[in-house]
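For reference, the chains in residue letters:
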Amino acid sequence: MRKKIVAGNWKCNTTLQEGVALAKEVNSIVKTSDVQVILGTPFIHLTEVVKLVDNKAIAVAAQNCAAEPKGAFTGEVSAAMVKSTGAQYVILGHSERRGYYGETSEILNKKLALALENGLTPIYCCGEALDVREAGKQNEFVINQLEETIFKLSADDFKKLVIAYEPIWAIGTGKTATSDQAEDMLKTIREAIAAKYGKAIADETSILYGGSCNAKNAKELFAKPNIDGGLIGGASLKAEDFNTIVMSF
Ligand code: PEP
């Protein structure tokens with residue numbers, strides 16, 4: 001059975017001290033054996049947070065990694081460096097990275113390859129902007145994002161991924177996709193995976209919803225058959241809210 005996952009994306013929030021305090025609080029209140037909880041922290045927090053969480057229940061993710069393995073790329077953090085902290089996951093293709101830092105499918109393909117080579121599990125984000133949704137073209141837009149990137153992977157590599165559908169118009173806006181809109185897209189993604197890699201792999205792939213998912217709406221979203229959990233931004237910065245989301249299956 002595919003994994004249920006609740007992953008926090010702290011983005012560019014919390015000093016090291018604040019992040020350590022938040023991770024300790026999450027670690028002390030989150031008690032679950034059937035949900036994989038993941039904390040997506042800033043790079044500089046990874047080593048400390050890995051040390052203080054109960055790693056049977058809580059894994060740690062970076063929010064990005066470099067598109068090159070190493071070398072003269074000032075300010076970059078490689079997949080191997082992320083792995084060396086003890087982090088197990090890396091968020092790739094977040095719409096903020098695509099939008100603010102020009103991450104194209106070509107760049108993402110390099111990052112995906114390096115993450116996988118280094119034994120990290122990519123949490124691969126996809127999702128459309130408001131104008132695409134208003135034009136009714138969201139399904140073809142998202143499937144095209146997958147075809148340009150993760151659908152180029154071998155079946156063995158594809159099986160290692162987690163996918164997060166995050167409509168850009170719902171991220172940080174307080175405007176959540178309805179549970180039906182989210183379910184429709186996740187079902188479309190799962191059907192595309194089945195067409196490409198077969199039903200067995202599609203049935204085993206965890207697909208998350210992200211976009212203003214919070215302690216109030218998580219239950220309704222997670223009740224949908226194709227929604228395997230959430231990628232949580234704002235609400236992951238409050239330990240109690242994050243725990244309520246983890247308990248929402
Ligand atoms: C995100 O950035 O991945 C996200 C889902 O943010 P928020 O929950 O704040 O909308």
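From a predicted model like this one, the values you see are computed outputs, not experimental measurements. (Residues numbered from 1 in each chain as written. Predicted model: local features only at pLDDT ≥ 70, side-chain atom pairs only at ≥ 80, totals over all residues. Heavy atoms only, no water.)

**Student:** Sorry, what's going on with the pairing of strand 2 (residues 35-40) here?
**Tutor:** Within a regular beta strand, the side chains point alternately toward one face of the sheet and then the other, so they alternate between its two faces. Where burial is concerned, most of strand 2 is hidden: six out of the six residues are buried. The alternating pattern of strand 2 places Val35, Val37 and Leu39 on one face and Gln36, Ile38 and Gly40 on the opposite face, and all of these are buried. In this sheet, strand 2 lies alongside strand 1 (residues 4-9) in parallel orientation, the contact comprising six bridges. Bridged to valine 6 within strand 2 is valine 37. Handedness of the strand 1-helix 1 (residues 16-29)-strand 2 crossover: right-handed. The handedness of the strand 2 to strand 3 (residues 58-62) crossover, carried by helix 2 (residues 46-52), is right-handed. (Buried < 20%, exposed > 50% of the residue type's maximum accessible area, 1.4 Å probe, protein only. Helix = DSSP H or I, 4+ residues; strand = E, 2+ residues; numbered from the N terminus. Pairing = 2+ DSSP bridges. Right-handed = clockwise from strand over helix to strand, strands pointing away.)

**Student:** Just to check I follow, could you spell out the packing of helix 1 against helix 12 (residues 239-246) for this structure?
**Tutor:** The geometry of a pair of packed helices is captured by two quantities: the angle between their axes and the separation between those axes. For the pair helix 1 and helix 12, the least separation of the axes is 9 Å and the interaxial angle reads 40°. The angle between helix 1 and helix 12 falls in the class oblique. In the packing of helix 1 onto helix 12, the handedness of the crossing is right-handed. Between helix 1 and helix 12, the contacting residues are Leu22, Glu25, Val26 and Ile29 on the first element and Ala239, Glu240, Phe242 and Asn243 on the second. Here the contact of helix 1 with helix 12 is built from residues that sort into five nonpolar, one polar and two charged. (Axes fitted to C-alpha atoms, helices over the stretch in contact; angles between N-to-C directions. Parallel < 35°, antiparallel > 145°, perpendicular 65-115°, else oblique. Left-handed = near helix turned anticlockwise from the far one by under 90°. Contact = heavy atoms within 4.5 Å. Nonpolar A, V, L, I, M, F, W, Y, C, P; charged D, E, K, R; others polar.)

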